[in-house]
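Architecture and fold: a report
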Amino acid sequence: LRQVQLHGDAFDFHRILILGCMQSPKDGFSTLANAVGPEVFSQAFQPNSLCGMLSIPIAPVKTQVEAQMEFIQTAIAKRARSISTNSTHLDRIDGDELEDLETLALLWSVDTRDVRTLFVLALYELGKDELFNSHNIILLQQQLLDVERLVDDGIVIICQRLTHAVLDPRVNPPIRNVLSQLDADLVEWIRAQGSSSTENTTTIQLKQHIPPLSYTHSFLLQLLRLSTCSETKQSLHSLSVLTGIILNELGNTV
């Protein structure tokens, strides 16, 4: 056997390909090819591609960076869906569930805090709050997250839950008897936030499973403790008062 020297950049690029293929993209390799660059993607399958210089761009163009983030977000969404609330609880935000995605993110110069934050948000969007109920890991491990994004996008998720379930009399008839006790302006603000589509939310659609209001109230209180912005704190406080009134009036029926 002839000993050959591997080229560092080519080796890292092949690591990206392997990690990307592990995510089993639905469209085959097209999204991965867009994320790494179609030309260099095809070069990587040539003989001796590990030993030579690939035409890897020094700085990825904007569309390629966007493609990389889209690829990671899609992989996070798939990972979040695969986790069952019946069989596990999260002990760490940076646990084994995200090890390969965090490695891929580092190779693409993506902050691993973004990966973890998107993963946490995806789980909450899917209504998998139970994963966080036994351990206060969000508060205890907040240094591993982009807290500002978690709070801002978390508020959107909460408003979506309230809009599509709790505050909709067609879905939750008993709320008719409580609406008069709630701040009308706040209810309208919640509905506006919950009905709007923003670029900050993750790619998963809500409405697959909306957990009990008590879980949403608990999530709210965690975000209130995490928030450092006075205006955001006020919004969260108002939301917690509203959910508290509903819980007091309707109990476990919501």
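Structure: above.
First, a word on scope: everything that follows refers to the structure included in this document. Worth saying up front: this structure is predicted, and the values here are computed from it rather than measured. (Residues numbered from 1 in each chain as written. Predicted model: local features only at pLDDT ≥ 70, side-chain atom pairs only at ≥ 80, totals over all residues. Heavy atoms only, no water.)

1. Re unusual backbone geometry
- One non-glycine residue, Ser109, adopts positive backbone phi at about 60°.
- Residue position: Ser109 is located in the loop between α5 (99-107) and α6 (112-125).
- Using a relative accessible area of 70% as the deciding quantity, one classes Ser109 as exposed. (Helix = DSSP H or I, 4+ residues; strand = E, 2+ residues; numbered from the N terminus. Buried < 20%, exposed > 50% of the residue type's maximum accessible area, 1.4 Å probe, protein only.)

2. Some points on the packing of helix α9 (residues 147-166) against helix α11 (residues 213-226)
- One can describe the packing of α9 onto α11 by two numbers: an axis separation of 10 Å at closest approach and a directional angle of 155°. Judged on the interaxial angle alone, α11 and α9 are roughly antiparallel. Relative to α11, α9 is oriented so that their crossing is left-handed. Residues Val147, Leu150, Val151, Gly154, Ile155, Ile158, Arg161, Leu162 and Val166 of α9 pack against Leu213, Thr216, Phe219, Leu220, Leu223 and Leu226 of α11.
- Of the residues belonging to the contact of α9 with α11, the class tally is 12 nonpolar, 2 polar and 1 charged. (Axes fitted to C-alpha atoms, helices over the stretch in contact; angles between N-to-C directions. Parallel < 35°, antiparallel > 145°, perpendicular 65-115°, else oblique. Left-handed = near helix turned anticlockwise from the far one by under 90°. Contact = heavy atoms within 4.5 Å. Nonpolar A, V, L, I, M, F, W, Y, C, P; charged D, E, K, R; others polar.)

3. Comments concerning the side chain of Thr232
- Here Thr232 is to be found in helix α12 (residues 230-250).
- Excluding residues that lie within four positions of it along the chain, Thr232 makes contacts with Val151, Ile155 and Ser227.

4. Remarks on the pattern of salt bridges
- All chains considered together, the criterion is met by 8 salt bridges.
- Asp153 is the partner of Arg149 in a salt bridge, and the nearest nitrogen-oxygen pair spans 3.4 Å. Highlighted residues: Arg149 and Asp153, both in helix α9, separated by 4 residues, approximately one helical turn.
- Residue Asp153 is classed as buried on the basis of its relative accessible area of 3%. (Salt bridge = Lys/Arg side-chain N within 4 Å of Asp/Glu carboxyl O.)

5. What to know about the packing of α9 against α12
- Running from N to C, α9 and α12 cross one another at 30°; their axes reach a closest spacing of 12 Å. Between α9 and α12, the interaxial angle falls into the category roughly parallel. The chirality of how α9 crosses α12 is left-handed. Facing α9, whose interface residues are Val151, Ile155, Leu162 and Val166, α12 presents Thr232, Leu236, Leu239, Leu242, Thr243 and Ile246.
- Looking at the contact of α9 with α12 residue by residue, the classes come out as 8 nonpolar, 2 polar and no charged.

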